[in-house]
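Survey of secondary and tertiary structure
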Amino acid sequence: MTEEQKANVVMIRRALISVSDKDGIVDFARELKRFGVEIISTGGTAKTLREAGLAVREVSDVTRFPEMMDGRIKTLHPRIHGGLLAVRDNPKHLAAMSEHDIEPIDMVVVNLYPFEETIAREGVTIEEAIEQIDIGGPAMIRSGAKNFRSVAVVVSPTTYPDLAAELQSRTGGLSLKTRFRLACEAFNRTSIYDSAVFQYLTSQAFEDGPVSQDAELPAAAGVGKSFTLTEQIKSLANDFNLNLHKLSDLRYGENPHQIAALYDGREPRGVAHAELLSGKEMSFNNYVDADAAWQLVCDFDDLACAIIKHTNPAGVALGKSNEAAYRKALACDPVSAFGGIVAFNRKVDEAAARAVSEIFTEVVIAPDYEPAALEVLKTKKSLRVLRTEDTASIEGLEYKQISGGMLVQTSDTHRLKREDLKVVTKRAPSEAEIDDLLFAWTVSKHTKSNAIVYVRDQQTVGVGAGQMSRVDSVKIGAMRAQLPTAGSVLASDAFFPFRDGLDEAAKYGITGVIQPGGSVRDAEVIAAADEHGLAMVFTGIRHFKH
């Protein structure tokens, strides 16, 4: 080792250990003791180490101040933070340490109160959550991390083995590179922790927490003045900290040359947390398509099945049984269904499982499976079988990255009701047509714009997705139809800018149309519908999906 390299190694002589998660701490403390490290500790940690036969110095002996207020005050003291923050080659700092009898601390091992675990418990009160907001821990972590040139900060038990190995190789020292890496991890941890506290407290204030729904409080950063979830989302925060935690690495991204991983969101729910019951590991594209399929079927209250290919519906249907719904969905486009994603919004039975197994399928996702169904699906070694009970249509925020920034919007959770429909043509739709129009409208919501969906008897007949021209979507939806389009209804996710789309659709024998309306040429489009004897309703709402 060169002299320069030696200068970058800090020998650990004194360590402060105060951990909530005591996994591995005794073994790590023993490694420190091998090199004569003095250990300072608090409360439960000190008790654990002493019971393991390790000598420990109480923090109160260092501060000469007792712990108080149920442990809220114990490490917030100059003899602790001075020992962490002192710049070791600064004469003024050294003089201050000497004057006030402050001893240097070379390592701080802290993992924080289990706030995230506490708020995840069902029925936890806000008082219980507040008591798990760590104050001294983050303060020590930040002090040590700021002074990484002299101090090593350890915030996770997963790092103990590697640090022990380096301590052995350097006879009780840690390199500057390691200390800097630990400092970065430390600031990341406190950032995530503080964000979790902020999100929890604001959610309590906005919903059923310590202030009433109508209370008016000064607006905090990113917090609306009206304490309702809707107002919070409408205002949107000035700053967002996503604080994602990696769940797993993926083999690759959309393409083999792209690196990818799966991270969880702000809440432990949804497809990201679905249970893989059988089959190969999920890929990047599998997750994207499975989420599209799951969100679609969750938008139906009735038993539904959706087959998705590249995030667009290849077929969707309602049925009296899972098998019936699946076979109806498959009939829409059996060619595109090959290698697709199948979603059910009901527990899968054996008959449905056997039907799905008849063609190659990448993923099946459902709220649950009967044991016999699971045995059938497990015979397909490549088929990924996912189980999730979380509904998809929950109000929240969506994020979409663009170069140099991020777009944020509220989720499209709007559901259309019969009473929302406005009949604009001379002929009003029949009850059966209304059922199909509402079904088609829901499917169009989950289809890439410009979206055109043909439906008959609660079954997609043809889907035109992602075209630059709406009239082209009309043509492609009919062209791809494997079932007769005559007698079907048509949904358009946005208004018809010209009557040519209606004229084209009428050629295929449709009887009704559902669309938002709002075009400057609505009158011409309505006139075209009347000329063709179509029933048309306006929704007053658009469902673009980009």
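Residues numbered from 1 in each chain as written. Predicted model: local features only at pLDDT ≥ 70, side-chain atom pairs only at ≥ 80, totals over all residues. Heavy atoms only, no water.

**What about the packing of helix α2 (residues 25-34) against helix α10 (residues 160-169)?**
At a closest axis distance of 10 Å, the pairing of α2 and α10 adopts a crossing angle of 10°. The angle between the axes of α2 and α10 places the two elements in the roughly parallel class. Facing I25, F28, E31, L32 and R34 of α2, the residues of α10 in contact are Y160, L163, A164, L167 and Q168. Here the residues of the contact of α2 with α10 sort into seven nonpolar, one polar and two charged. (Axes fitted to C-alpha atoms, helices over the stretch in contact; angles between N-to-C directions. Helix = DSSP H or I, 4+ residues; strand = E, 2+ residues; numbered from the N terminus. Parallel < 35°, antiparallel > 145°, perpendicular 65-115°, else oblique. Contact = heavy atoms within 4.5 Å. Nonpolar A, V, L, I, M, F, W, Y, C, P; charged D, E, K, R; others polar.)

**Looking at the sheet that holds strand β18 (residues 422-423)**
In spatial order, the strands read β18-β23-β22-β21-β19-β20; together these six strands make up an open sheet with mixed pairing. Here the strands that pair on one side only, and so sit at the sheet edges, are β18 and β20 (460-464). In this structure, β18 lies alongside strand β23 (residues 535-538), joined through two bridges in antiparallel fashion. Residue pairing for β23: V423 is matched across the bridge by V537. Together, β22 (512-515) and β23 form the strand contacts of helix α21 (residues 522-531), whose direction differs from that of β23 by roughly 150°. (Pairing = 2+ DSSP bridges.)

**Here we look at helix α14 (residues 322-332)**
Considered for burial, the residues of α14 that qualify are N322, A325, Y326, A329, L330 and C332. Summarising the axial view, the buried residues of α14 lie within an arc of 145°, below the 170-degree limit, and thus occupy one face. Check the buried side of α14 and you find it contacts β11 (304-309), β12 (312-318), α15 (334-337), β13 (340-344), α16 (350-356) and β20. (Buried < 20%, exposed > 50% of the residue type's maximum accessible area, 1.4 Å probe, protein only. Arc of directions from axis to C-beta.)

**Let's talk about the side chain of R456**
Looking at the element boundaries, R456 is found in the loop between β19 (452-455) and β20. One buried charge, R456, has no salt-bridge partner; the nearest side chain with opposite charge is D457, at 4.3 Å. In this structure the side chain of R456 is engaged in a polar contact, spanning 3.2 Å, whose partner is the backbone oxygen of A486. Those residues within four positions of R456 in sequence are excluded, and the remaining contacts are D436, V461, L483, P484, T485, A486, G487 and S488. (Lys, Arg positive; Asp, Glu negative; His and termini not counted. Salt bridge = Lys/Arg side-chain N within 4 Å of Asp/Glu carboxyl O. Polar contact = N/O pair within 3.5 Å; in protein donor to acceptor, adjacent residues only side chain to side chain.)

**Points about the packing of helix α5 (residues 78-85) against helix α9 (residues 136-146)**
Running from N to C, α5 and α9 point in directions that differ by 30°, and their axes come no closer than 7 Å. Considering their axes alone, α5 and α9 lie roughly parallel with respect to each other. Packed against α5, whose contacting residues are I80, H81, L84 and L85, the element α9 presents A139, M140, S143, G144 and K146 at the interface. Tallied by class, residues from the contact of α5 with α9 come to five nonpolar, three polar and one charged.

**Digging into the side chain of T485**
On the secondary structure map, T485 appears in the loop between α19 (470-479) and β21 (489-492). The exposure class of T485 is buried, given its relative accessible area of 13%. Here Y508 takes part through its backbone oxygen, which lies 2.7 Å from a polar atom of the side chain of T485. Those residues within four positions of T485 in sequence are excluded, and the remaining contacts are Y454, R456, V461, A478, Y508, G509 and I510.

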